[in-house]
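Structural characterization, general
Given next are the chains, with one letter for each unit.
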Amino acid sequence: MNEQLEQLRAELNYDKTNKCVQCGYCLPACPTYLTMGKETHSPRGRINLVKMAGEGKIKDLSVLEEPLDLCLGCRACETVCPTGVEYGAILESARASITRRKAYSVPQKALRSLLFKKVFPSRKAMKLLGDAMWVYEKTGVQKLARKSGLMKKLPAHLGEFEAIVPPAVSPRERASLPRVTKAKGQRKYTVAFFVGCVMDAMFRKINQLSVQLLAEVGCDVIVIENQICCGALHAHAGEMDESKQLAKRNIEAFAAVDADFIVNNAGGCGAMLVEYDHLLADDAQWAERARAFAAKTRDISQVLALCGGIAGKEGPTERVTYQRSCHMTNVQKVTAEPVQLLAGLPNVELVEMAEANMCCGSAGIYNLVQYDASMEILDLKMQHVIDTGAVTIVTTNPGCLLQMKLGIEREHLGERVRAVHLVEYLAQRAGILDGNPSAQPKA
Amino acid sequence: MTEAQIAAIRAIVKTGRVLTEEYDRFSYAFDASFGTYLPDVVIQTKDVAELAELVKLANREKIPVYPRGQATSLSGGPLPVHGGMVIDLSVMDDLLEIDEEDLVAIVSPGVLTAAIHKAAEEKGLMYPPDPSSSHVSTIGGNLAENSGGPRGLKYGVTKDYVIGLEVITPQGEIIRTGGRTVKNVTGYDLTKLIVGSEGTLGIITKAILRLIPKPPASETVMAIFDDLVDAGRAISRILTSGILPSKMELMDQASMVAVENYQPSGLPKDAEALILIELDGHPMAVRDEAEQVSRVCREIGAREVRVPQTAKEKEDMWKARKLVSPAIVRVKPTKISEDATVPRSKIPEMCRRLQAIKEKYGIHLVVFGHVGDGNLHPNIIADKSDREEMQRVEKAVAEIFEAAVELGGTLSGEHGIGLMKAPFMEMELGAAGLDMMKRIKQAWDPHNIMNPGKIFPEPGQKLVLSE
């Protein structure tokens, strides 16, 4: 075997592809196989393509690009795989390998660099984005833009997404996440809260409510300043080096506080954080610290459930369905706690939708870059949602939340169905948040 | 294939897809067995008339045609070994009709077998064949390979439930065989000939399947033995005592150890064998039979007999059996799953031979399977990248087949011959027996376009597992 091929094999994680016995058990679990109906868009098919490249049978790596780009990365295939193939690792390394060899056009390169190196990792940039959105809304530009039909002319269907972005929070309010929030009553745990980048810019309200709920169940909550984006979007786009840098900065930042758990409220971020140990496994200096960090990482639902759950007030009877985040289900393997928390609320009728574990098609920025593929998956999902008769869709990840809102718009269900984050829902049922989602939460 | 031929295909396929991109061709170049064989073109269409036209074109131009379901085959059934067209029939999944009065299901080939199970059960009926891959394998694939599964012991295999077919012949004609009646003696039984012919005689485009009433209850018994031979004796004694279990599964010590190391399930690591028995029928009858089975096992010398008391306990017992496959690949990545089958009375002897083969070649061999009907699954766990090991494995596999045939058994109980076992056909059938089969193939398909390279060995063909 020549040196070049050997190096490519190492890059592609070729050894891991050999674990696949091609049994096909992943086929029914894969959303893109179901919607696109081709082996090329199945987990088994994608693994095979990477393997063929590793064996030199496919010479031009760009052949892999489209099939891999169309993968949502939901990793449902890992959950059903009888032989434990590490699909996520194969996908990530193959994407990194393609990215490394790819000649991006100058504007593409500039945009990637801006997004991955300047925007997501910068709290300042994300803050600016949040502020800009608030200004955009409050100054009437939004109304004007919507009225003028300008939104329909935006590229990449951005107009549709604009309509579902949550109401912005004022800069004054946004600055108000306290560094330390004391537990109500007896302290059970001390937790460090991971704010996330998109979560903090677009869903600051959910972050505020998360801190309140954690305090409510008996946690001292610490929010440290120098934390940073988790790096998930980078890893999924093949920017592994950038991703590792971010991981190290987070590990360093959180090492400064002595917390029982590092808590996040976004399924996708959480999945990245619990895999920091995989990400840095080959880095002798960081492997051990990454393991410790990953071991402390929890989704907020786990900690709330561990502390006994949220005591809801007797509200109106409501039918609710829970849209599972793929990364919570398939990577973090957190499935019981959100259900337990919802089922523990009085007058909440939880109805599971068909194919509950199937991805909604949001998948990071997949719904932006693979709009048509994403919408086909969303339409399937929304049918299952409608069949439940639920008026509230509860999610646990910002991407899923936005996608569900988009689904509600597409199906013209806005009058009677809403989508909320689990944290918002719990806060509302506990009387911490009243009916108006933009209302100021009680201190 | 030529550009003109591809253009001719595109002209025929008006409702589906014609795939020629490199990534698509590679995606249809494999199944769950070994090897990569690139087709020239992959076709997806739901239209039977279009398919018939395609076959006519293939017959005229002598282009190989490879029908394919979801390619879960373990014997190489759908591999396009000579290039040509792959016809992806998994897209033909629209027809699934249950007729309660005639007790039949009418299905198109792309329907998943599990979907048939579900639809039948919703009406209180049962489609008995249940290959382990039923939630992912298509009925068309099951029909082509005559699939089995653990319930074969009591209910038989796929062919026992097929009463009618619609088939595209290698000449591109659409024919019907059999019908909707259980009794049908009109002429040669082409239905039974086509089922299990592994796609070499035509493309199945519709099937009429026989259904039976769903048994109302089931009971499970697990018996643990210190001696594998005792387990074999218990199996024979149960089967001659007037009880016919619906399933009877065996796990050897290596399987139990693998499961316990993978996901502890309460199996004894020091016992030599375990048998898991399922009885189905009337609730009172199965309870009584479970007691009888337990008694027989104890009399023969079972170390322990467990009868699950709750649905959860029962589910856990069967889960332990299902964990064998995933558990054993933790040891090494490559799994060669065989299905050599012997008469029931020869199971203990076959187990002894397998142990001898394991030692002789120094291979990692695990035995489990549907022991009630003699359908053992000797699985060899190896590493494909280790060429020297794979050569030892090839020799061991050949010896496993020899042992099965010598004991009056067969090369394949349920996976089919395909590409993998073609070199051993003469050993089981004899030269004249194999020649009769070849003559049938020649009469049906003189240009040898339907799934060529399968069942019948090509000159000098040998078992190859290393690439």
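Residues numbered from 1 in each chain as written. Chains lettered and ligands numbered in written order. Predicted model: local features only at pLDDT ≥ 70, side-chain atom pairs only at ≥ 80, totals over all residues. Heavy atoms only, no water.

Right, let's talk about the overall build of chain A for a bit. Helices and strands together make up the secondary structure of chain A, namely 27 helices and nine strands. Of the roughly 18,900 Å² of accessible surface on chain A, a fraction of 54% belongs to carbon and sulfur atoms. (Helix = DSSP H or I, 4+ residues; strand = E, 2+ residues; numbered from the N terminus. Areas by Shrake-Rupley, 256 points an atom, 1.4 Å probe, with all protein chains shown as cover.)

Residue and element names in this part refer to chain A. The domain architecture assigned to chain A consists of domain 1 (3–101), domain 2 (106–162), domain 3 (171–305) and domain 4 (310–430). Contacts between the two partners involve 14 residues from domain 1 and, on the opposite side, 15 residues from domain 4. Contact between domain 1 and domain 4 buries roughly 1,200 Å² in total, counting both sides, with carbon and sulfur atoms accounting for 63%. Ranking the residues of domain 1 by area buried against domain 4 places T35, L72 and C74 at the top, with a combined share of 40%. In this structure, the connection of domain 1 to domain 4 is made through zero salt bridges. Our count for the domain 1 to domain 4 interface comes out at four residue pairs in polar contact (both at pLDDT 80 or more). (Domains from an automatic or database assignment. Contact = heavy atoms within 4.5 Å. Buried area = accessible area lost by both parts, 1.4 Å probe. Salt bridge = Lys/Arg side-chain N within 4 Å of Asp/Glu carboxyl O. Polar contact = N/O pair within 3.5 Å; in protein donor to acceptor, adjacent residues only side chain to side chain.)

This brings us to the packing of aromatic side chains. Residues and elements named next belong to chain B. Counted according to the given criterion, the structure contains six aromatic pairs over all chains. Arranged with centres 6.4 Å apart and planes meeting at 80 degrees, the rings of Y127 and Y161 form a pair that is edge-to-face. Separated by 34 residues along the polypeptide, Y127 in the loop between β7 (125–126) and α5 (139–145) and Y161 in the loop between α6 (152–155) and β8 (162–168) bring together distant segments of the chain. Residues F401 and F424 carry aromatic rings whose centres are separated by 4.7 Å and whose planes lie at 65 degrees to one another, so their mutual orientation is edge-to-face. Placement of F401 in helix α14 (residues 387–406) and of F424 in the loop between α14 and α15 (425–444) is noted, with a sequence separation of 23 residues between them. F424 carries the same exposure label as F401, and that label is buried. (Phe/Tyr/Trp six-rings, centres within 6.5 Å; stacked < 30°, edge-to-face > 60°. Buried < 20%, exposed > 50% of the residue type's maximum accessible area, 1.4 Å probe, protein only.)

So, on to the interface of chain B and chain A. Chain B puts 31 residues into the contact, and the matching count from chain A is 30 residues. Together, the buried faces of chain B and chain A total about 2,500 Å²; carbon and sulfur atoms form 52% of this surface. Three residues stand out in chain B for area buried against chain A, namely Y23, F26 and F30 of chain B, and they jointly supply 25% of the buried area on that side. At the surface where chain B touches chain A, the tally comes to two salt bridges. With its nearest N and O atoms 3.1 Å apart, the salt bridge here joins D24 of chain B to K38 of chain A. Linking chain B with chain A are 14 residue pairs in polar contact (both at pLDDT 80 or more). Looking at the side of chain B that touches chain A, the elements with two or more residues in it are β1 (17–19) and α2 (22–27) of chain B. With five residues, α2 of chain B is the single largest residue contributor to the side of chain B that touches chain A.

All names here are of chain B. Here helix α13 (residues 347–361) contains 15 residues, and its C-alpha end-to-end distance of 21 Å stays within 8% of the 21 Å for a straight helix at 1.5 Å per residue. Within α13 the residues assigned to the buried category are I347, P348, M350, C351, L354, I357 and Y361. Residues of α13 that are buried make contact with α8 (228–239), β17 (364–370), β18 (375–382) and α14. In the segment just after α13, G362 is the residue with positive phi, at about 60 degrees. (Expected span 1.5 Å × (residues − 1).)

Now for the sheet that holds strand β13 (residues 247–252) of chain B. Residues and elements named next belong to chain B. Taking strand neighbours across the sheet as the criterion, the seven strands line up as β15-β12-β14-β13-β17-β18-β16 in an open arrangement whose pairing is antiparallel. Each edge of the open sheet carries a strand with a single partner, namely β15 (304–306) and β16 (334–337). Strand-to-strand twist across the sheet, computed as the mean angle between neighbouring axes with direction ignored, equals 20 degrees. Here four bridges tie β16 to β18, and the two strands are oriented antiparallel to one another. Of the residues in β18, the one forming a bridge with T334 is A382. Packed on one face of the sheet, helix α10 (residues 283–300) meets β12 (217–225), β14 (273–281) and β15 and runs near 5 degrees to β12. (Pairing = 2+ DSSP bridges. Axes fitted to C-alpha atoms, helices over the stretch in contact; angles between N-to-C directions.)

On to the environment of N265 of chain A, then. Residue and element names in this part refer to chain A. Its location among the elements puts N265 in the loop between β4 (261–264) and α18 (267–274). Placed 151 residues apart in sequence, N265 and R416 show a C-alpha to C-alpha distance of 26 Å. The contacts of N265, once residues within four sequence positions are left out, are F193, M199, I206, N207, S210, D299, I300, T396 and H421. Engagement of the side chain of N265 in a polar contact is seen with the side chain of S210, the distance being 2.9 Å.

On to the UniProt feature "domain: FAD-binding PCMH-type" (unreviewed entry) in chain B, then. When the UniProt feature table is mapped onto this chain numbering, "domain: FAD-binding PCMH-type" (unreviewed entry) sits at residues 35–214 of chain B. Structurally, residues 35–214 of chain B comprises 22% helix and 24% strand, and the distance from its first C-alpha atom to its last is 40 Å. (UniProt positions renumbered as here; feature names shortened; annotations may be inferred.)

Here we come to the nonpolar core. Judged by nonpolar contacts, the single largest core of 87 residues is most densely connected at L214, Y276 and L304 of chain A. Ranked by residues supplied to this core, first place goes to helix α26 (residues 398–410) of chain A with six residues. Counting residues domain by domain, this core receives three or more from each of domain 3 (171–305) and domain 4 (310–430) of chain A. Those residues within four positions of L304 of chain A in sequence are excluded, and the remaining contacts are L213, L214, V217, G309, I310, L341 and L426 of chain A. Counting residues in each nonpolar core, the second largest holds 65 residues, with A273, V293, I347 and A398 of chain B among its members. (Core = buried A, V, L, I, M, F, W, Y, C linked by side-chain atoms within 4.5 Å.)

Our focus in this paragraph is the packing of helix α17 (residues 240–255) of chain A against helix α20 (residues 287–296) of chain A. Residues and elements named next belong to chain A. One way to put it is that α17 packs onto α20 with a least axis distance of 10 Å and a crossing angle of 70 degrees. Here α17 is positioned roughly perpendicular relative to α20, judged by the angle of their axes. Relative to α20, the crossing made by α17 is left-handed. Residues N250, I251, E252, F254 and A255 of α17 form the contact with α20, whose own contacting residues are R289, A290 and F293. (Parallel < 35°, antiparallel > 145°, perpendicular 65-115°, else oblique. Left-handed = near helix turned anticlockwise from the far one by under 90°.)

Quick look at the pairing of strand β10 (residues 203–210) of chain B now. Residues and elements named next belong to chain B. Where burial is concerned, most of β10 is hidden: six out of the eight residues are buried. Two elements, strand β6 (residues 104–107) and β10, share four bridges in a ladder whose sense is antiparallel. Among the inter-strand pairings, I106 is bridged to a residue of β10, identified as I208. Taken together, the six bridges between β8 and β10 define a ladder with antiparallel strand orientation. Each residue of the ladder has a partner; that of E166, found in β10, is K206.

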